[in-house]
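In case you want the letters, here they are:
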Amino acid sequence: MTDNKIFIRKTLPHDAADIHHIHVAAYKTSYRGYLPDDVLDALKIDDEKIERTRIYVAQIESYVAVYQKQVIGFTHLAFPQNNVVEIQALYVHPQFQRLGAGRALVEFVCASKKRLAFSKCEVWTLKNGPSLPFYHKLGFVQELNVQEKSWKYGLPIIKLSKKL
């Protein structure tokens, strides 16, 4: 799938360093004002976490967004249950946000799972967080019959879903 010169492909083991860098950069930007500054400022890139990422992506379903031969975003999917796919993580490097990489990743996941007869895509996100408008724009709505959960530092998260 392409979107503004962005294409999506399955994650490869050598993508682990890029994924870890994106994760740290996006966390520091996206969760500023939600998580304590000292926690975000303490996030660092290290070889051990890159190796753990390499092992992790080999065990799950994961995709990257590539722009001009550079990995700029990624998504990890939870193990599917009952024809429902869950987006477990979706991050785009802050320097490349608003190019359509996040949208391309979500649309790729939804389209590929729909072809496999999946009926719904779900994601948990901060109740009043920065990604809520993004998911709403893509057609995700809050699951009203699902109770909020607590995330880091007691922040409430909600489940959003979209029929495929």
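To keep things clear, this report deals only with the structure shown in the data block. (Residues numbered from 1 in each chain as written. Predicted model: local features only at pLDDT ≥ 70, side-chain atom pairs only at ≥ 80, totals over all residues. Heavy atoms only, no water.)

**Describing the overall build of the protein**
(1) Moving on: On a plain count of helices and strands, the protein comes out with five helices and nine strands.
(2) Moving on: Its helices and strands taken in sequence order, the protein reads β-β-α-α-α-β-β-β-α-β-α-β-β-β from the N to the C terminus.
(3) Moving on: Taking 15 Å as the expected radius of gyration for a compact globule of 164 residues, we find that the protein reaches 15 Å, a close match to that expectation.
(4) Moving on: The dimensions of the protein, computed from C-alpha atoms along their principal axes, are 40 × 35 × 30 Å. (Helix = DSSP H or I, 4+ residues; strand = E, 2+ residues; numbered from the N terminus. Rg over C-alpha atoms; globule rule 2.2 N^0.38 Å.)

**Structural notes on the packing of aromatic side chains**
(1) Moving on: With the rule as written, the count across this model stands at nine aromatic pairs.
(2) Moving on: Judged by centre distance (5.9 Å) and plane angle (45°), the ring pair of Tyr27 and Tyr91 falls under tilted. Of this pair, Tyr27 sits in helix 1 (residues 16-30) while Tyr91 sits in strand 5 (residues 84-92), and the two are 64 residues apart along the sequence.
(3) Moving on: Note on Tyr27: relative accessible area 9%, which makes it buried.
(4) Moving on: Their ring planes at 40° and their centres at 5.8 Å tell us that Phe74 and Tyr91 sit as a pair that is tilted. Of this pair, Phe74 sits in strand 4 (residues 70-77) while Tyr91 sits in strand 5, placing them 17 residues apart in sequence.
(5) Moving on: Classification of Tyr91 by relative accessible area gives buried; the value is 12%. (Phe/Tyr/Trp six-rings, centres within 6.5 Å; stacked < 30°, edge-to-face > 60°. Buried < 20%, exposed > 50% of the residue type's maximum accessible area, 1.4 Å probe, protein only.)

**Here's the deal with the layout of surface pockets**
(1) Moving on: Each pocket or cavity is described by its volume, and for the largest pocket that value is around 1,100 Å³.
(2) Moving on: Along the walls of the largest pocket sit 35 residues, with Leu90, Pro130, Ser131, Phe134 and Tyr135 positioned nearest its centre.
(3) Moving on: Those elements that place two or more of their residues in the lining of the largest pocket are helix 1, strand 5, helix 4 (101-115), strand 6 (120-126) and helix 5 (132-137).
(4) Moving on: Considering every element that reaches the lining of the largest pocket, the biggest residue donor is strand 5, with seven residues. (1 Å grid on protein atoms, 1.4 Å probe; cavity = no way out; pocket = protein on both sides within 12 Å on 5 of 7 lines; lining within 4 Å. Points joined across faces, edges and corners; volume = space filled by probe spheres on them.)

**Quick look at unusual backbone geometry**
(1) Moving on: Even without being glycine, Gln68 reaches a positive phi, approximately 50°.
(2) Moving on: Relative to the assigned elements, Gln68 resides in the loop between strand 3 (61-67) and strand 4.
(3) Moving on: Using a relative accessible area of 58% as the deciding quantity, one classes Gln68 as exposed.
(4) Moving on: Of note, the phi angle at Arg98 is positive, near 75°, even though the residue is not glycine.
(5) Moving on: Following the sequence through the fold, Arg98 ends up in the loop between strand 5 and helix 4.
(6) Moving on: Since its relative accessible area comes to 85%, Arg98 is described here as exposed.

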